[in-house]
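Coordinates in review
Each chain is listed here by its residues.
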Amino acid sequence: MAKQQFWFMVASDTAAAFRWEHILESQRSQFWWLRRLPKNFKSARVGDLILCYRSGSDKRALVGLAKVEEGFNEDGIMVKGLLAFKHPIPFERFKHEPVYKKTEAGRLRNRGTLFAVDSYFVNWVREVLEVCGDQEAADMISSRFNNDPVL
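What comes next concerns the included structure. Computed from a predicted structure; not experimentally measured.

1. Comments concerning the overall build of the protein chain
Summing up its helical and strand segments, the protein chain has seven helices and six strands in all. What you see in the protein chain, going N to C, is helices and strands ordered as β-α-β-α-β-β-β-α-α-α-β-α-α. Against the compact-globule benchmark of 15 Å for 151 residues, the protein chain has a radius of gyration of 14 Å, which places it among compact chains. With respect to the principal axes defined by its C-alpha atoms, the protein chain has extents near 40 × 35 × 30 Å. Restricting to contacts in the protein chain with at least 6 residues of sequence separation, those with at least 24 account for 65%. As displayed, the protein chain offers around 7,600 Å² of accessible surface, 50% of which is attributable to carbon and sulfur atoms. Computed over 23 positive and 19 negative side-chain charges, the inter-centroid distance for the protein chain is 6 Å.

Quick look at the structure:
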């Protein structure tokens, strides 16, 4: 089995069709059309984990976990909501962290939709979730590091 990739996916809280809160709460699937950084959409594979980032307001934060349900099909990818964080991680908490600033999302200032992130940033998120008492989300991330079966 190929190593799973981790992604940082941006959705505005003002977008009618694609809002993380609705997708995470309902755990439904949502098609996301190809946007900026098409190479990332084309690289997304079934089962890859997505860190869900809510933009577009003063409540910018990582708000949950999703997965790639269907890989790229010339138009975009299918994303399925998995779990909302018990306590969102505000952008202010990580925007100056070197581990974030080195990611594609950090270097491009979240200007885009789907960004590859490395295991260092994902591990930082997992540690923050543990400190905040969200063991379920932290464990879901840990299982992906170990390439456990797709959720």
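Still more ground to cover, so stick around.
2. Quick look at the state of the cysteines
Within the structure shown, the criterion is met by zero disulfides. With no disulfide of its own, Cys 52 has Cys 132 as its nearest cysteine by sulfur position, at a separation of 17 Å. For Cys 52, a relative accessible area of 0% corresponds to the buried category.

3. A short note on the sheet that holds strand 2 (residues 29-33)
Strand order in this open sheet of six strands is 2-5-4-3-1-6, and the pairing throughout is mixed. Edge positions in the sheet fall to strand 2 and strand 6 (114-117), since each of these pairs with one other strand and no more. Averaged over neighbouring strand pairs, the angle between their axes works out to 40° when direction is ignored. Across the sheet, helix 7 (residues 135-145) touches strand 1 (6-12), strand 3 (49-55), strand 4 (61-70) and strand 5 (76-90), and the angle it forms with strand 5 is around 135°.

4. Overview of the nonpolar core
In terms of nonpolar packing, the biggest core is built from 30 residues, with Phe 8, Leu 51, Leu 62, Ile 89, Phe 94, Phe 121 and Val 125 touching the most fellow members. No other element matches helix 6 (residues 119-131), which puts six residues into this core. Grouped together as the second largest cluster of nonpolar side chains are 18 residues, Met 9, Ile 23, Phe 41 and Val 68 included.

5. Quick look at the packing of aromatic side chains
Under the defined criterion, the tally for this structure stands at 14 aromatic pairs. Through a chain of ring-to-ring contacts, the aromatic side chains of Phe 8, Tyr 53, Phe 91, Phe 94, Tyr 100, Phe 115, Phe 121 and Trp 124 assemble into a single cluster.

6. Concerning the side chain of Ser 55
Relative to the assigned elements, Ser 55 resides in strand 3. The class for Ser 55 is buried, based on a relative accessible area of 16%. In this structure, Ser 55 is in contact with Val 10, Ala 11, Ser 12, Asp 13 and Arg 60, ignoring residues within four places of it in sequence.

7. Concerning the packing of helix 6 against helix 7
Running from amino to carboxyl end, helix 6 crosses helix 7 at an angle of 155°, the nearest separation of the two axes being 8 Å. On the basis of the axis angle, helix 6 is roughly antiparallel to helix 7. Helix-helix and strand crossings are classified by hand; for helix 6 and helix 7 the assignment is left-handed. The residues of helix 7 that touch helix 6, namely those facing Ser 119, Val 122, Asn 123, Val 125, Arg 126, Leu 129 and Glu 130, are Gln 135, Ala 137, Ala 138, Ile 141, Ser 142 and Phe 145. Class assignment for the residues of the contact of helix 6 with helix 7 results in seven nonpolar, four polar and two charged.

8. Some details on helix 6
In this model helix 6 runs 18 Å from its N-terminal to its C-terminal C-alpha over 13 residues, within 8% of the 18 Å that 1.5 Å per residue would give. Those residues of helix 6 that fall on the buried side of the exposure criterion are Phe 121, Val 122, Trp 124, Val 125, Arg 126, Val 128 and Leu 129. Its side-chain oxygen placed 3.1 Å from the backbone nitrogen of Tyr 120, Asp 118 serves as the N-cap of helix 6. Immediately downstream of helix 6, the backbone of Gly 133 shows phi near 85°, a positive value.

How each quantity is defined
- Residues numbered from 1 in each chain as written.
- Predicted model: local features only at pLDDT ≥ 70, side-chain atom pairs only at ≥ 80, totals over all residues.
- Heavy atoms only, no water.
- Helix = DSSP H or I, 4+ residues; strand = E, 2+ residues; numbered from the N terminus.
- Rg over C-alpha atoms; globule rule 2.2 N^0.38 Å.
- Contact = heavy atoms within 4.5 Å.
- Areas by Shrake-Rupley, 256 points an atom, 1.4 Å probe, with all protein chains shown as cover.
- Lys, Arg positive; Asp, Glu negative; His and termini not counted.
- Charge placed at Lys NZ, Arg CZ, Asp CG, Glu CD.
- Disulfide = S-S within 2.5 Å.
- Buried < 20%, exposed > 50% of the residue type's maximum accessible area, 1.4 Å probe, protein only.
- Pairing = 2+ DSSP bridges.
- Axes fitted to C-alpha atoms, helices over the stretch in contact; angles between N-to-C directions.
- Core = buried A, V, L, I, M, F, W, Y, C linked by side-chain atoms within 4.5 Å.
- Phe/Tyr/Trp six-rings, centres within 6.5 Å; stacked < 30°, edge-to-face > 60°.
- Parallel < 35°, antiparallel > 145°, perpendicular 65-115°, else oblique.
- Left-handed = near helix turned anticlockwise from the far one by under 90°.
- Nonpolar A, V, L, I, M, F, W, Y, C, P; charged D, E, K, R; others polar.
- Expected span 1.5 Å × (residues − 1).
- Polar contact = N/O pair within 3.5 Å; in protein donor to acceptor, adjacent residues only side chain to side chain.

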